[in-house]
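This is what each chain is made of:
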Amino acid sequence: MQFLHKYKRKYWKLFSAAFAFLMLEAMCDLLLPTVMAELIDIGVANKDMNTVLRLGGLMLLITAVGALGATGRNILATHVSQRFAAELRSDLFRKIQSLSFENIDKFDRAALVTRLTNDVTQVQNFVNGLMRIFAKAPLLCIGALIMAVRLNPELSVVLTVVIPIVGLLIFMNMKVGFPFFLKVQKALDRVNSVMREYLSGVRVVRAFNRFDYEVDKFDQANQEYQSRSTIAMRAMAVFSPAITMTVNLGIVAVIWLGGLRVSAGNMQVGHIVAFVNYMTQILFALMTISMVFNMFVRAKASTGRIDEVFSQENGMEWDRGFVSETPIKGRVDFENVSFSYAGTSGLPVIRNLTLTCLPGETVGIIGSTGSGKSSLVALIPRFYDASSGVVKVNGEDVRQMDPHRIREKIAIVPQKTMLFTGSVRDNIKFGKEDASMEEIENAARMADAHGFITSFPEGYETQLGQHGVNFSGGQKQRVSIARALVRQPEILILDDCTSAVDVTTESNIKQALKTYAKGLTCLIIAQRITSVMDADKIVVMDEGQVVGMGKHDELMKSCGVYQEIFQSQLGREPSKITNEQYSTVPKGAE
Ligand SMILES: Nc1ncnc2c1ncn2[C@@H]1O[C@H](COP(=O)(O)OP(=O)(O)OP(=O)(O)O)[C@@H](O)[C@H]1O
């Protein structure tokens, strides 16, 4: 648990202070029964009011000092545990941000959320408990044991039986509990995951009237969580009463043995009362210790899960001293590139692919679904690294370059539009932190978004709901294109991001790009053949390979797959082709 060292170093002083307060409190607790024994045996037995008042006053003073210790440790415990949890959450969030896609793909997204919330809370609770009460338990246990033995060695025989039994019960409690709590945590992940999937697909669920299906799915996950929690709690439930019963039997034994001795005149009543008091303190301490272990097993399971994230090494390496000297801007090369996703069957989704995109060129990429188009462009900003071969940006191997630096040159509009809560202006500005209003509007114009944005009463200040729920699919796509363009990138990647805009709007966007963004290298992935027909170069992909490359006319003659796509979209049902579509079809292509 390397990640905990940082917090240990930071908080050990406050922790020690809390421990000092705990010691003070424990000492007070331990003194009280002995003073009380004297009060009974000397003051009450001899009807000596002075002694009763004096020792009673002393008991009050000890209680007050103990309360002071308790207040001190409570304040420190709350302060440390809250700050520790906030820092841990923040560090974990940063770590997740720093991970490569390859690392993140290993985790279920819901499991990451559970780690950030529930697991951190479990560790926080443990730290809080440790400072407030847990650390006191061993002190109290050992102290009460010493005081009890000093008070009456004969009665202490009972302790030699009770304590080993209780120790064994605590050990078994811990041994049994740990695997159960791991399972509980996994079940909670499942509940979160079902919920998250439902929320992100709520429209689909409603459109298909699949409420019952979703409710069943949630109920199953919920039931599983409930039954695993119940099993875990049940398994743990036997231990606490068993410990209480063992100690209570011990108390009965003490009273019985003590009673015999008092009758024989060998012992005073105050001693029995004090001894029972110490036994109760030992019981309390042992119960607390067993509770500590319960919380410890949960916190240990949670710490392990948090550690899984912290121990992820971002496998992406680069040359820290690398200085780019290339005068080329906007060139992309794939040289014999193959790529497969980690953790999958290992079959490459890109196979021995070679391709060059020249500066200022518009390259259309088309192919059947799953042919590897998105995976190919994901290699340019180093979302993933190629398994073999070389990917170059501006003539330089991306493996040498810091991913941050590469991404500064590139803007990508992903297939799935992702907008954030906030105003339209904020969303476009997301692409360039210091963009002026003029730059924002220019980008929106190029994305053919300025018109509809200004038609809203609040214009650029119009607020978007979560994921832009109050915008249409096409509007969202245009805002996300504007967000990419405001960056003024050298390379623009449009990953099938105009699927929800009409053909006229798409052609407006392309026209604007040609006019305003001269010199910009543009990679356009598209499903619609009309989206790429006028590109400088069209790349046809099939099963991770390039099966055709060239201009539209060339491909119509030489590439079977391209002809098939053309036929299926434009050829077979010419009546369905709109005028706009025809207008984008190059001459001779019909
Ligand atoms: N994160 C991932 N982990 C594992 N496999 C993936 C991942 N992303 C994509 N794949 C697989 O890689 C292959 C290529 O997917 P990719 O998304 O690149 O295709 P595509 O041509 O862009 O498809 P589409 O046109 O449908 O978007 C598919 O078989 C897909 O299942």
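Residues numbered from 1 in each chain as written. Predicted model: local features only at pLDDT ≥ 70, side-chain atom pairs only at ≥ 80, totals over all residues.

- In the annotation of an unreviewed UniProt entry, the entry for the chain reads ABC transporter ATP-binding protein, and the organism field reads Paenibacillus agricola.
- The chain has a UniProt comment under Subcellular location (unreviewed entry) that states "Cell membrane". (UniProt positions renumbered as here; feature names shortened; annotations may be inferred.)

## A few points about the overall build of the chain
Part 1 of the argument: Check the secondary structure of the chain and you find 20 helices and 12 strands.
Part 2 of the argument: Looking at the chain as a whole, 37% of its 590 residues qualify as buried. (Helix = DSSP H or I, 4+ residues; strand = E, 2+ residues; numbered from the N terminus. Buried ≥ 20, exposed ≤ 12 C-beta atoms within 10 Å, placed from the backbone.)

## Looking at the UniProt feature "transmembrane region" (unreviewed entry) in the chain
Part 1 of the argument: The UniProt entry lists residues 52-71, 133-151, 157-182, 235-258 and 278-297 under the feature "transmembrane region" (unreviewed entry), expressed in the numbering used here.
Part 2 of the argument: Taken end to end, residues 235-258 is 96% helix and 0% strand, and its first and last C-alpha atoms sit 36 Å apart.

## Some thoughts on unusual backbone geometry
Part 1 of the argument: Although it is not a glycine, Asn394 sits at a positive phi angle of roughly 55 degrees.
Part 2 of the argument: Relative to the elements of secondary structure, Asn394 occurs in the loop between β4 (388-393) and β5 (396-397).
Part 3 of the argument: We classify Asn394 as buried; it has 21 C-beta atoms within 10 Å.
Part 4 of the argument: In the Ramachandran plot, Glu543 falls in the positive-phi region, its phi being about 45 degrees despite a non-glycine side chain.
Part 5 of the argument: The partly exposed category is assigned to Glu543, around which 15 C-beta atoms lie within 10 Å.

## So, the environment of His79
Part 1 of the argument: Within the element layout of this structure, His79 appears in helix α2 (residues 49-98).
Part 2 of the argument: Here the alpha-carbon distance between His79 and Asn128, two residues 49 residues apart in the chain, equals 9.0 Å.

## A few points about the sheet that holds strand β1 (residues 332-339)
Part 1 of the argument: In spatial order, the strands read β2-β1-β4-β5; together these four strands make up an open sheet with antiparallel pairing. Here the strands that pair on one side only, and so sit at the sheet edges, are β2 (350-357) and β5.
Part 2 of the argument: As judged from the two bridges shared by β4 and β5, these two strands associate in the antiparallel manner. Bridge pairing in β5 places Lys392 opposite Asp397. (Pairing = 2+ DSSP bridges.)

## What about helix α1 (residues 3-44)?
Part 1 of the argument: Its 42 residues give α1 an end-to-end C-alpha distance of 58 Å, which sits within 8% of 62 Å, the value for a rise of 1.5 Å per residue.
Part 2 of the argument: Along its length, α1 shows its largest kink, about 55 degrees, at Tyr11. (Expected span 1.5 Å × (residues − 1). Bend = angle between axes of the 7 residues up to and from the residue.)

## A few points about the site of the ligand
Part 1 of the argument: In the vicinity of the ligand there are 14 residues, among which Tyr341, Thr369, Lys373, Ser374 and Ser375 approach most closely.
Part 2 of the argument: If you tally residues by element for the shell around the ligand, the top one is helix α11 (residues 373-378), at three residues.
Part 3 of the argument: Here the residues of the shell around the ligand sort into two nonpolar, nine polar and three charged. (Near = placed C-beta within 6 Å. Nonpolar A, V, L, I, M, F, W, Y, C, P; charged D, E, K, R; others polar.)

## As for the confidence of the model for the chain
Part 1 of the argument: Across the chain, pLDDT averages 84, with 95% of residues at or above 70.
Part 2 of the argument: Predicted confidence is poor over residues 573-590, with pLDDT under 50, and the contacts of this stretch with residues over four places away or in other chains come to 23 contacts.
Part 3 of the argument: For this predicted complex, the interface confidence comes out at an ipTM of 0.94, alongside a pTM of 0.70. (pLDDT = per-residue confidence, 0-100. Contact = placed C-beta atoms within 7 Å.)

## Considering the packing of α2 against helix α4 (residues 109-134)
Part 1 of the argument: Running from N to C, α2 and α4 point in directions that differ by 155 degrees, and their axes come no closer than 9 Å. By the angle between their axes, α2 is roughly antiparallel relative to α4. Between α2 and α4 lies a crossing whose hand is right-handed.
Part 2 of the argument: By residue class, the composition of the contact of α2 with α4 is 15 nonpolar, five polar and four charged. (Axes fitted to C-alpha atoms, helices over the stretch in contact; angles between N-to-C directions. Parallel < 35°, antiparallel > 145°, perpendicular 65-115°, else oblique. Left-handed = near helix turned anticlockwise from the far one by under 90°.)

## A look at the pairing of β4
Part 1 of the argument: Strand direction decides the pairing type here: β1 and β4, joined by five bridges, are antiparallel. Directly across from Asp333, in β4, lies its bridge partner Lys392.
Part 2 of the argument: Linkage of β4 to β5, two consecutive antiparallel strands, is achieved through a turn of two residues, within which Asn394 is found at a positive phi near 55 degrees.

## Overview of the sheet that holds strand β11 (residues 537-542)
Part 1 of the argument: Spatially, six strands are ordered β6-β9-β10-β3-β11-β12 in an open sheet, and the strand pairing comes out mixed. Both edges of this open sheet fall to β6 (410-413) and β12 (545-550), since each of them pairs with a single strand only. For this sheet the average axis-to-axis angle between neighbouring strands, irrespective of direction, equals 15 degrees.
Part 2 of the argument: The sheet contact formed by strand β3 (residues 362-367) and β11 spans five bridges and is parallel. Paired with Gly367 across the strands is Met541, a residue of β11.
Part 3 of the argument: Across the sheet, helix α16 (residues 473-485) touches β6 and β9 (491-495), and the angle it forms with β6 is around 175 degrees.

## Digging into the packing of α1 against α2
Part 1 of the argument: Following both chains from N to C, one finds α1 and α2 inclined at 160 degrees, their axes separated by 8 Å at the closest point. In this view, α1 runs roughly antiparallel relative to α2, as classed from their interaxial angle. In this structure, the crossing between α1 and α2 has a hand that is left-handed.
Part 2 of the argument: Taken together, the residues of the contact of α1 with α2 break down into 28 nonpolar, seven polar and four charged.

## Considering the nonpolar core
Part 1 of the argument: Counting residues in each nonpolar core, the largest one holds 71 residues, and the members touching the most others are Ala482 and Ile493.
Part 2 of the argument: Ignoring sequence-local partners within four residues, the contact set of Ile493 consists of Val377, Ile380, Ile410, Ile412, Val413 and Leu523.
Part 3 of the argument: By size, the runner-up hydrophobic cluster in this structure holds 61 residues, among which are Ala77, Ala137, Ile243 and Ile272. (Core = buried A, V, L, I, M, F, W, Y, C linked by C-beta atoms within 7 Å.)

## Some thoughts on α16
A turn of α-helix holds 3.6 residues, and therefore any two residues three or four places apart point the same way.
Part 1 of the argument: Here α16 contains 13 residues, and its C-alpha end-to-end distance of 19 Å stays within 8% of the 18 Å for a straight helix at 1.5 Å per residue.
Part 2 of the argument: Burial analysis of α16 places 11 of its 13 residues in the buried class, the great majority of the element.
Part 3 of the argument: Buried within α16 we find Gln475, Lys476, Gln477, Arg478, Val479, Ser480, Ile481, Ala482, Arg483, Ala484 and Leu485.
Part 4 of the argument: In this structure, the buried residues of α16 make contact with β6, α13 (424-429), α14 (437-446), α15 (450-455), β9 and α17 (503-516).

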